[in-house]
2 protein chains.
Amino acid sequence: MAVKENLRPGGRSARVQASVHKAVRELLAAMNRAEVTIPMIAAKAGVTPSTIYRRWGDLQELLADVAVERLRPDMQPVDAGSGEADLQAWAEQYAEEMSSGPGREMIRDVLAAQAGANACKCCEYTRQQIIVISDRAKARGETFPDVDGVMDQVVAPIMYRILFGDVPDAARVRDLVERVMSRA
Amino acid sequence: MAVKENLRPGGRSARVQASVHKAVRELLAAMNRAEVTIPMIAAKAGVTPSTIYRRWGDLQELLADVAVERLRPDMQPVDAGSGEADLQAWAEQYAEEMSSGPGREMIRDVLAAQAGANACKCCEYTRQQIIVISDRAKARGETFPDVDGVMDQVVAPIMYRILFGDVPDAARVRDLVERVMSRA
(Lines give C-alpha, C1' and ligand atoms only; values in the text may rest on other atoms or scores of the structure.)
Protein backbone atom coordinates (compact mmCIF):
# COMPACT_ATOMS: atom_id res chain seq x y z
CA MET A 1 0.00 0.00 0.00
CA ALA A 2 1.43 3.35 -0.96
CA VAL A 3 -0.55 6.52 -0.56
CA LYS A 4 0.45 8.79 -3.38
CA GLU A 5 2.10 12.06 -2.52
CA ASN A 6 1.84 15.15 -4.65
CA LEU A 7 -1.57 14.35 -6.03
CA ARG A 8 -2.65 16.71 -8.77
CA PRO A 9 -4.76 19.24 -6.84
CA GLY A 10 -8.39 18.87 -7.76
CA GLY A 11 -7.76 15.59 -9.62
CA ARG A 12 -10.08 12.66 -9.02
CA SER A 13 -7.58 10.96 -6.75
CA ALA A 14 -7.03 14.09 -4.66
CA ARG A 15 -10.77 14.59 -4.33
CA VAL A 16 -11.27 11.01 -3.14
CA GLN A 17 -8.53 11.45 -0.59
CA ALA A 18 -9.92 14.74 0.71
CA SER A 19 -13.41 13.31 0.96
CA VAL A 20 -12.28 10.17 2.77
CA HIS A 21 -10.06 12.11 5.17
CA LYS A 22 -12.93 14.47 5.94
CA ALA A 23 -15.27 11.52 6.60
CA VAL A 24 -12.74 9.99 9.00
CA ARG A 25 -12.26 13.26 10.89
CA GLU A 26 -16.01 13.74 11.24
CA LEU A 27 -16.62 10.19 12.38
CA LEU A 28 -13.78 10.33 14.91
CA ALA A 29 -15.23 13.57 16.28
CA ALA A 30 -18.65 11.99 16.64
CA MET A 31 -17.98 8.51 17.96
CA ASN A 32 -15.58 6.16 19.66
CA ARG A 33 -12.75 5.13 17.31
CA ALA A 34 -13.35 1.44 18.02
CA GLU A 35 -16.78 1.79 16.40
CA VAL A 36 -15.54 3.36 13.16
CA THR A 37 -15.52 0.95 10.21
CA ILE A 38 -14.49 1.21 6.57
CA PRO A 39 -18.05 0.73 5.22
CA MET A 40 -19.15 3.59 7.49
CA ILE A 41 -16.36 5.86 6.23
CA ALA A 42 -17.11 4.90 2.63
CA ALA A 43 -20.80 5.72 3.02
CA LYS A 44 -20.03 9.11 4.53
CA ALA A 45 -17.38 9.92 1.91
CA GLY A 46 -19.58 8.82 -0.99
CA VAL A 47 -17.13 6.19 -2.26
CA THR A 48 -17.24 2.40 -2.28
CA PRO A 49 -15.49 0.43 0.48
CA SER A 50 -13.32 -1.20 -2.17
CA THR A 51 -11.98 2.22 -3.17
CA ILE A 52 -10.75 2.59 0.39
CA TYR A 53 -9.33 -0.93 0.63
CA ARG A 54 -7.54 -0.51 -2.71
CA ARG A 55 -5.99 2.77 -1.73
CA TRP A 56 -5.20 2.35 1.97
CA GLY A 57 -5.18 -1.42 2.48
CA ASP A 58 -6.87 -1.41 5.87
CA LEU A 59 -8.47 0.83 8.47
CA GLN A 60 -5.28 1.20 10.48
CA GLU A 61 -3.34 2.56 7.50
CA LEU A 62 -6.14 5.00 6.74
CA LEU A 63 -6.26 6.21 10.35
CA ALA A 64 -2.46 6.63 10.30
CA ASP A 65 -2.69 8.62 7.08
CA VAL A 66 -5.29 10.96 8.56
CA ALA A 67 -3.38 11.28 11.85
CA VAL A 68 -0.11 12.23 10.19
CA GLU A 69 -1.90 14.98 8.24
CA ARG A 70 -3.14 16.37 11.52
CA LEU A 71 0.34 16.14 13.03
CA ARG A 72 1.79 18.26 10.23
CA PRO A 73 2.81 21.53 11.89
CA ASP A 74 0.63 24.43 10.80
CA MET A 75 3.04 27.16 11.80
CA GLN A 76 6.73 28.02 11.93
CA PRO A 77 8.32 27.80 15.39
CA VAL A 78 7.82 31.08 17.25
CA ASP A 79 10.76 33.50 17.07
CA ALA A 80 11.52 34.22 20.71
CA GLY A 81 14.75 36.11 20.10
CA SER A 82 17.42 33.42 20.55
CA GLY A 83 18.01 29.78 19.64
CA GLU A 84 17.61 28.70 23.24
CA ALA A 85 14.40 30.66 23.76
CA ASP A 86 13.03 29.39 20.45
CA LEU A 87 13.81 25.79 21.36
CA GLN A 88 12.35 26.22 24.86
CA ALA A 89 9.10 27.62 23.47
CA TRP A 90 8.91 24.98 20.76
CA ALA A 91 9.66 22.05 23.09
CA GLU A 92 7.14 23.18 25.67
CA GLN A 93 4.39 23.43 23.05
CA TYR A 94 5.39 20.10 21.50
CA ALA A 95 5.26 18.31 24.87
CA GLU A 96 1.88 19.88 25.65
CA GLU A 97 0.30 19.06 22.31
CA MET A 98 1.64 15.54 22.06
CA SER A 99 0.66 14.59 25.61
CA SER A 100 -2.90 15.86 25.16
CA GLY A 101 -5.67 13.33 24.55
CA PRO A 102 -5.93 14.05 20.81
CA GLY A 103 -2.12 14.15 20.51
CA ARG A 104 -1.75 10.71 22.08
CA GLU A 105 -4.46 9.29 19.84
CA MET A 106 -2.79 10.63 16.72
CA ILE A 107 0.59 9.21 17.75
CA ARG A 108 -1.03 5.87 18.53
CA ASP A 109 -2.68 5.79 15.11
CA VAL A 110 0.55 6.63 13.33
CA LEU A 111 2.52 3.98 15.20
CA ALA A 112 -0.15 1.28 14.96
CA ALA A 113 0.05 1.08 11.17
CA GLN A 114 2.21 -1.76 9.86
CA ALA A 115 3.90 0.35 7.20
CA GLY A 116 6.32 2.74 8.84
CA ALA A 117 6.04 5.46 6.20
CA ASN A 118 3.73 7.68 8.22
CA ALA A 119 5.87 7.44 11.35
CA CYS A 120 8.91 8.59 9.32
CA LYS A 121 6.90 11.48 7.91
CA CYS A 122 5.89 12.47 11.43
CA CYS A 123 9.52 12.44 12.58
CA GLU A 124 10.51 14.44 9.50
CA TYR A 125 7.97 17.17 10.34
CA THR A 126 9.52 17.53 13.79
CA ARG A 127 13.02 17.58 12.31
CA GLN A 128 12.05 20.35 9.92
CA GLN A 129 10.93 22.51 12.82
CA ILE A 130 14.26 22.02 14.60
CA ILE A 131 16.07 22.91 11.36
CA VAL A 132 14.13 26.19 11.15
CA ILE A 133 15.15 27.05 14.73
CA SER A 134 18.75 26.04 14.04
CA ASP A 135 18.99 28.07 10.82
CA ARG A 136 17.53 31.11 12.54
CA ALA A 137 20.04 30.78 15.41
CA LYS A 138 22.94 30.50 12.97
CA ALA A 139 21.71 33.51 11.01
CA ARG A 140 21.87 35.46 14.28
CA GLY A 141 25.47 34.30 14.69
CA GLU A 142 24.69 32.01 17.65
CA THR A 143 26.06 28.51 18.18
CA PHE A 144 23.37 25.86 18.14
CA PRO A 145 23.59 22.08 18.76
CA ASP A 146 23.37 19.80 15.73
CA VAL A 147 19.88 18.75 14.73
CA ASP A 148 20.48 15.06 15.49
CA GLY A 149 21.56 16.00 18.98
CA VAL A 150 18.34 17.94 19.55
CA MET A 151 16.27 15.04 18.21
CA ASP A 152 18.08 12.58 20.53
CA GLN A 153 18.26 14.72 23.63
CA VAL A 154 15.09 16.80 23.57
CA VAL A 155 12.52 15.30 21.19
CA ALA A 156 13.17 11.61 21.97
CA PRO A 157 12.95 11.91 25.78
CA ILE A 158 9.71 13.92 25.52
CA MET A 159 8.16 11.34 23.18
CA TYR A 160 9.44 8.37 25.20
CA ARG A 161 7.87 9.73 28.36
CA ILE A 162 4.57 10.39 26.62
CA LEU A 163 4.42 6.93 25.04
CA PHE A 164 5.54 4.98 28.07
CA GLY A 165 3.19 6.46 30.54
CA ASP A 166 4.72 9.60 31.95
CA VAL A 167 3.84 13.23 31.38
CA PRO A 168 6.93 15.36 30.80
CA ASP A 169 6.30 18.45 32.93
CA ALA A 170 7.49 21.93 31.96
CA ALA A 171 10.46 21.84 34.34
CA ARG A 172 11.68 18.57 32.83
CA VAL A 173 11.36 19.94 29.30
CA ARG A 174 13.26 23.10 30.27
CA ASP A 175 15.97 20.96 31.80
CA LEU A 176 16.36 18.88 28.62
CA VAL A 177 16.70 22.01 26.50
CA GLU A 178 19.15 23.66 28.89
CA ARG A 179 21.30 20.57 28.88
CA VAL A 180 21.53 20.28 25.12
CA MET A 181 22.19 24.03 24.76
CA SER A 182 24.95 24.08 27.38
CA ARG A 183 26.80 21.46 25.39
CA ALA A 184 26.53 23.21 22.03
CA MET B 1 -10.16 -3.37 32.39
CA ALA B 2 -7.49 -4.28 34.88
CA VAL B 3 -5.48 -7.45 34.52
CA LYS B 4 -4.75 -8.69 38.00
CA GLU B 5 -1.16 -8.89 39.10
CA ASN B 6 0.09 -11.40 41.59
CA LEU B 7 -2.45 -14.05 40.77
CA ARG B 8 -2.37 -16.98 43.16
CA PRO B 9 -0.13 -19.43 41.28
CA GLY B 10 -2.12 -22.38 40.08
CA GLY B 11 -5.43 -20.69 40.93
CA ARG B 12 -8.26 -20.75 38.41
CA SER B 13 -7.58 -17.21 37.29
CA ALA B 14 -3.86 -17.84 36.82
CA ARG B 15 -4.60 -20.97 34.82
CA VAL B 16 -7.00 -19.10 32.54
CA GLN B 17 -4.39 -16.40 31.98
CA ALA B 18 -1.64 -18.89 31.21
CA SER B 19 -3.85 -20.81 28.82
CA VAL B 20 -5.03 -17.69 26.99
CA HIS B 21 -1.51 -16.27 26.73
CA LYS B 22 -0.25 -19.58 25.36
CA ALA B 23 -3.05 -19.65 22.78
CA VAL B 24 -2.17 -16.12 21.65
CA ARG B 25 1.53 -16.92 21.32
CA GLU B 26 0.80 -20.04 19.30
CA LEU B 27 -1.66 -18.29 17.00
CA LEU B 28 0.73 -15.36 16.44
CA ALA B 29 3.49 -17.83 15.56
CA ALA B 30 1.24 -19.58 13.06
CA MET B 31 -0.62 -16.79 11.30
CA ASN B 32 -0.79 -13.13 10.46
CA ARG B 33 -1.83 -11.05 13.49
CA ALA B 34 -4.57 -9.31 11.50
CA GLU B 35 -6.31 -12.70 11.18
CA VAL B 36 -6.28 -13.52 14.89
CA THR B 37 -9.67 -13.09 16.58
CA ILE B 38 -10.96 -13.49 20.14
CA PRO B 39 -13.24 -16.45 19.30
CA MET B 40 -10.23 -18.17 17.73
CA ILE B 41 -8.11 -17.58 20.84
CA ALA B 42 -10.93 -18.72 23.09
CA ALA B 43 -11.37 -21.96 21.16
CA LYS B 44 -7.67 -22.72 21.33
CA ALA B 45 -7.43 -21.85 25.03
CA GLY B 46 -10.53 -23.83 25.94
CA VAL B 47 -12.39 -20.87 27.44
CA THR B 48 -15.44 -18.93 26.26
CA PRO B 49 -14.99 -15.68 24.33
CA SER B 50 -16.86 -13.87 27.09
CA THR B 51 -14.20 -14.95 29.60
CA ILE B 52 -11.67 -13.12 27.46
CA TYR B 53 -13.85 -10.04 26.93
CA ARG B 54 -14.57 -9.84 30.66
CA ARG B 55 -10.95 -10.09 31.63
CA TRP B 56 -9.14 -8.15 28.91
CA GLY B 57 -11.84 -5.95 27.39
CA ASP B 58 -10.71 -6.30 23.80
CA LEU B 59 -8.21 -7.99 21.53
CA GLN B 60 -5.78 -5.08 21.63
CA GLU B 61 -5.53 -5.16 25.42
CA LEU B 62 -4.96 -8.90 25.35
CA LEU B 63 -2.23 -8.58 22.72
CA ALA B 64 -0.59 -5.83 24.79
CA ASP B 65 -0.73 -8.01 27.88
CA VAL B 66 0.95 -10.89 26.05
CA ALA B 67 3.53 -8.60 24.46
CA VAL B 68 4.59 -7.01 27.73
CA GLU B 69 5.14 -10.46 29.23
CA ARG B 70 7.47 -11.24 26.36
CA LEU B 71 9.27 -7.93 26.82
CA ARG B 72 10.03 -8.74 30.45
CA PRO B 73 13.80 -9.24 30.59
CA ASP B 74 14.75 -12.86 31.24
CA MET B 75 18.27 -12.12 32.43
CA GLN B 76 20.32 -9.65 34.45
CA PRO B 77 22.44 -7.25 32.37
CA VAL B 78 25.80 -8.87 31.57
CA ASP B 79 28.63 -7.90 33.92
CA ALA B 80 31.31 -6.62 31.55
CA GLY B 81 33.62 -5.28 34.24
CA SER B 82 32.67 -1.59 34.42
CA GLY B 83 29.58 0.58 34.38
CA GLU B 84 30.38 1.92 30.94
CA ALA B 85 31.07 -1.53 29.48
CA ASP B 86 27.90 -2.90 31.11
CA LEU B 87 25.81 -0.07 29.69
CA GLN B 88 27.40 -0.43 26.25
CA ALA B 89 26.66 -4.15 26.14
CA TRP B 90 23.14 -3.68 27.46
CA ALA B 91 22.27 -0.81 25.09
CA GLU B 92 23.58 -2.65 22.05
CA GLN B 93 21.49 -5.73 22.86
CA TYR B 94 18.43 -3.60 23.66
CA ALA B 95 18.68 -1.76 20.32
CA GLU B 96 19.12 -5.02 18.45
CA GLU B 97 16.24 -6.82 20.12
CA MET B 98 13.80 -3.93 19.95
CA SER B 99 14.50 -3.14 16.30
CA SER B 100 14.03 -6.77 15.24
CA GLY B 101 10.75 -7.76 13.59
CA PRO B 102 9.33 -9.45 16.72
CA GLY B 103 10.60 -6.61 18.92
CA ARG B 104 8.82 -3.99 16.82
CA GLU B 105 5.61 -6.02 16.86
CA MET B 106 5.68 -6.34 20.61
CA ILE B 107 6.27 -2.61 21.07
CA ARG B 108 3.46 -1.85 18.64
CA ASP B 109 1.08 -4.13 20.55
CA VAL B 110 1.98 -2.57 23.87
CA LEU B 111 1.52 0.97 22.56
CA ALA B 112 -1.67 0.27 20.61
CA ALA B 113 -3.67 -0.59 23.74
CA GLN B 114 -5.80 2.26 25.05
CA ALA B 115 -4.90 1.65 28.67
CA GLY B 116 -1.33 2.77 29.27
CA ALA B 117 -0.62 0.28 32.08
CA ASN B 118 1.34 -2.13 29.92
CA ALA B 119 3.49 0.61 28.40
CA CYS B 120 4.44 1.78 31.92
CA LYS B 121 5.30 -1.77 32.89
CA CYS B 122 7.50 -2.06 29.85
CA CYS B 123 9.33 1.17 30.72
CA GLU B 124 9.69 -0.05 34.32
CA TYR B 125 11.38 -3.28 33.16
CA THR B 126 13.95 -1.23 31.26
CA ARG B 127 14.48 1.06 34.23
CA GLN B 128 15.12 -1.90 36.51
CA GLN B 129 17.89 -3.09 34.21
CA ILE B 130 19.56 0.31 34.31
CA ILE B 131 19.27 0.32 38.11
CA VAL B 132 21.08 -3.04 38.27
CA ILE B 133 23.91 -1.65 36.14
CA SER B 134 24.05 1.53 38.21
CA ASP B 135 24.10 -0.34 41.54
CA ARG B 136 26.85 -2.61 40.30
CA ALA B 137 28.93 0.38 39.16
CA LYS B 138 28.48 2.11 42.50
CA ALA B 139 29.43 -1.08 44.38
CA ARG B 140 32.68 -1.03 42.38
CA GLY B 141 33.22 2.58 43.52
CA GLU B 142 32.64 4.05 40.04
CA THR B 143 30.64 7.17 39.26
CA PHE B 144 27.58 6.47 37.16
CA PRO B 145 25.00 8.87 35.66
CA ASP B 146 21.60 9.03 37.33
CA VAL B 147 19.03 6.55 36.07
CA ASP B 148 16.71 9.25 34.68
CA GLY B 149 19.60 10.63 32.66
CA VAL B 150 20.28 7.21 31.13
CA MET B 151 16.58 6.75 30.34
CA ASP B 152 16.47 10.19 28.65
CA GLN B 153 19.78 10.07 26.84
CA VAL B 154 20.27 6.43 25.90
CA VAL B 155 16.99 4.52 26.09
CA ALA B 156 14.70 7.25 24.71
CA PRO B 157 16.80 8.04 21.59
CA ILE B 158 17.10 4.33 20.75
CA MET B 159 13.35 3.79 21.11
CA TYR B 160 12.47 6.99 19.24
CA ARG B 161 14.59 5.95 16.28
CA ILE B 162 13.07 2.48 16.22
CA LEU B 163 9.50 3.76 16.41
CA PHE B 164 9.88 6.59 13.95
CA GLY B 165 11.48 4.65 11.18
CA ASP B 166 15.19 4.62 11.75
CA VAL B 167 17.47 1.79 12.85
CA PRO B 168 19.94 2.93 15.50
CA ASP B 169 23.24 1.38 14.37
CA ALA B 170 25.90 0.14 16.77
CA ALA B 171 28.07 3.25 16.32
CA ARG B 172 25.17 5.54 17.22
CA VAL B 173 24.34 3.49 20.31
CA ARG B 174 28.00 3.58 21.40
CA ASP B 175 28.02 7.31 20.91
CA LEU B 176 24.92 7.80 23.07
CA VAL B 177 26.43 5.76 25.89
CA GLU B 178 29.81 7.50 25.67
CA ARG B 179 28.13 10.86 25.84
CA VAL B 180 26.07 10.09 28.94
CA MET B 181 29.07 8.48 30.65
CA SER B 182 31.39 11.39 29.96
CA ARG B 183 28.98 13.69 31.74
CA ALA B 184 28.58 11.54 34.86
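Rules behind the numbers
Residues numbered from 1 in each chain as written. Chains lettered and ligands numbered in written order. Predicted model: local features only at pLDDT ≥ 70, side-chain atom pairs only at ≥ 80, totals over all residues. Heavy atoms only, no water. 1 Å grid on protein atoms, 1.4 Å probe; cavity = no way out; pocket = protein on both sides within 12 Å on 5 of 7 lines; lining within 4 Å. Points joined across faces, edges and corners; volume = space filled by probe spheres on them. Helix = DSSP H or I, 4+ residues; strand = E, 2+ residues; numbered from the N terminus. pLDDT = per-residue confidence, 0-100. Least-squares fit on C-alpha atoms with pLDDT ≥ 70 in both. Contact = heavy atoms within 4.5 Å. Buried area = accessible area lost by both parts, 1.4 Å probe. Salt bridge = Lys/Arg side-chain N within 4 Å of Asp/Glu carboxyl O. Polar contact = N/O pair within 3.5 Å; in protein donor to acceptor, adjacent residues only side chain to side chain. Axes fitted to C-alpha atoms, helices over the stretch in contact; angles between N-to-C directions. Parallel < 35°, antiparallel > 145°, perpendicular 65-115°, else oblique. Nonpolar A, V, L, I, M, F, W, Y, C, P; charged D, E, K, R; others polar. Core = buried A, V, L, I, M, F, W, Y, C linked by side-chain atoms within 4.5 Å. Buried < 20%, exposed > 50% of the residue type's maximum accessible area, 1.4 Å probe, protein only. UniProt positions renumbered as here; feature names shortened; annotations may be inferred. Domains from an automatic or database assignment. Phe/Tyr/Trp six-rings, centres within 6.5 Å; stacked < 30°, edge-to-face > 60°. Lys NZ or Arg CZ within 6 Å of the ring centre and 35° of its normal. Expected span 1.5 Å × (residues − 1).

With respect to empty space enclosed by the protein
One simple way to see leftover space: roll a probe sized like a water molecule over the atoms.
And then number 1: Applying the stated criterion across every chain, the model contains 1 cavity of 30 Å³ or more.
And then number 2: Its volume calculated, the largest cavity comes out at about 30 Å³.
And then number 3: What lines the largest cavity is simply Gln153(A), Leu176(A), Arg179(A), Val180(A), Arg183(A) and Gln153(B).
And then number 4: If one sorts the elements of the lining of the largest cavity by residue count, helix 9 (residues 170-182) of chain A sits on top with 3 residues.

Brief notes about the confidence of the model for chain A
And then number 1: Mean pLDDT over chain A stands at 87; residues scoring 70 or higher make up 93%.
And then number 2: Across chain A, the element-wise mean pLDDT spans from 85 in helix 6 (residues 101-112) of chain A up to 95 in helix 2 (residues 38-45) of chain A.

Some details on the relation of the copies chain B and chain A
And then number 1: At an RMSD of 0.0 Å, chain B and chain A line up after a rotation of 180° and a shift of 0.0 Å along the axis. The two molecules are tied by a two-fold rotation axis, judged by turn and shift.
And then number 2: A high fraction, 100%, of the interface residues of chain B reappear at the interface in chain A, so the copies pair face to face through one surface.

With respect to the interface of chain B and chain A
And then number 1: Every contact between the two is made by 30 residues of chain B and, on the other side, 30 residues of chain A.
And then number 2: Summed over both partners, the interface of chain B with chain A comes to about 2,600 Å²; 57% of that surface belongs to carbon and sulfur atoms.
And then number 3: The largest share of the area that chain B buries against chain A comes from Asp152(B), Tyr160(B) and Phe164(B), three residues that together contribute 28% of it.
And then number 4: Where chain B touches chain A, the interface holds 6 salt bridges.
And then number 5: Seen at the junction of chain B and chain A, the total is 4 residue pairs in polar contact (both at pLDDT 80 or more).
And then number 6: Looking at the side of chain B that touches chain A, the elements with two or more residues in it are helix 6 (101-112), helix 7 (117-139), helix 8 (147-163) and helix 9 (170-182) of chain B.

Observations concerning the packing of helix 6 of chain A against helix 8 (residues 147-163) of chain A
Residues and elements named next belong to chain A.
And then number 1: It is the contact of helix 6 with helix 8, at a shortest axis distance of 11 Å, that shows an interaxial angle of 95°. Classified by the angle their axes make, helix 6 and helix 8 are roughly perpendicular. Residues Arg104, Ile107 and Leu111 of helix 6 pack against Met159, Ile162 and Leu163 of helix 8.
And then number 2: Taken together, the residues of the contact of helix 6 with helix 8 sort by class into 5 nonpolar, no polar and 1 charged.

A word on the nonpolar core
And then number 1: Leu87(A), Ile158(A), Phe164(A), Leu87(B), Ile158(B) and Phe164(B) are the most contacted members of the largest nonpolar core, which totals 76 residues.
And then number 2: Setting aside residues up to four positions removed in sequence, Leu87(A) forms contacts with Ile130(A), Ile133(A), Phe144(A), Val150(A), Val177(A), Val180(A) and Met181(A).
And then number 3: Counting residues in each nonpolar core, the second largest holds 17 residues, with Val16(A), Leu28(A), Ile41(A) and Leu62(A) among its members.

Looking at the UniProt feature "DNA-binding region" (unreviewed entry) in chain A
And then number 1: Taken from the UniProt record, the annotation "DNA-binding region" (unreviewed entry) applies to residues 37-56 of chain A.
And then number 2: Spanning residues 37-56 of chain A, this segment combines 80% helix with 0% strand, and its end C-alpha atoms are found 13 Å apart.

Quick look at the domain arrangement of chain A
And then number 1: Its domain assignment divides chain A into domain 1 (12-57) and domain 2 (74-182).
And then number 2: If you average the C-alpha positions of domain 1 of chain A and of domain 2 of chain A, the two centres end up 30 Å apart.

Focus on the UniProt feature "domain: HTH tetR-type" (unreviewed entry) in chain A
And then number 1: As annotated in UniProt, the feature "domain: HTH tetR-type" (unreviewed entry) corresponds to residues 14-74 of chain A in the numbering used here.
And then number 2: Split by type, residues 14-74 of chain A is 75% helix and 0% strand. Its first and last C-alpha atoms lie 20 Å apart.

Points about the packing of aromatic side chains
And then number 1: Using the criterion set out here, one finds 4 aromatic pairs over all chains in the structure.
And then number 2: Ring centres 4.8 Å apart and planes at 20° place the aromatic pair Trp90(B) and Tyr94(B) in the stacked group. With a gap of 4 residues between them, Trp90(B) and Tyr94(B) both fall in helix 5 (residues 83-99), about one helical turn apart.
And then number 3: In this structure Trp90(B) comes out as buried when scored by relative accessible area, which is 7%.
And then number 4: Taking relative accessible area as the criterion, Tyr94(B) reaches 7% and is therefore assigned buried.
And then number 5: Lying over the aromatic face of Trp56(A), Arg55(A) brings its terminal NZ or CZ to 5.1 Å of the ring centre.

Some remarks on helix 4 (residues 59-71) of chain B
Residue and element names in this part refer to chain B.
And then number 1: In this model, helix 4 (13 residues) spans 18 Å end to end at C-alpha, consistent with the 18 Å of a helix rising 1.5 Å per residue.
And then number 2: Turning to helix 4, its buried residues are Glu61, Leu62, Leu63, Ala64, Asp65, Val66, Ala67, Val68 and Leu71.
And then number 3: On the buried face of helix 4, the contacting elements are helix 1 (12-30), helix 2 (38-45), helix 3 (49-56), helix 5, helix 6 and helix 7.
And then number 4: Put simply, aspartate 58 is the residue that caps the front of helix 4, since its side-chain oxygen is 3.2 Å from the backbone nitrogen of glutamine 60.

Some words on the layout of surface pockets
And then number 1: Computed from the structure, the largest pocket encloses a volume of approximately 1,100 Å³.
And then number 2: Around the largest pocket, the lining comprises 28 residues; the ones closest to its centre are Leu59(A), Gln60(A), Leu59(B), Gln60(B) and Ala112(B).
And then number 3: The set of elements that each furnish at least two residues to the lining of the largest pocket consists of helix 4 (59-71) and helix 6 of chain A together with helix 4 and helix 6 of chain B.

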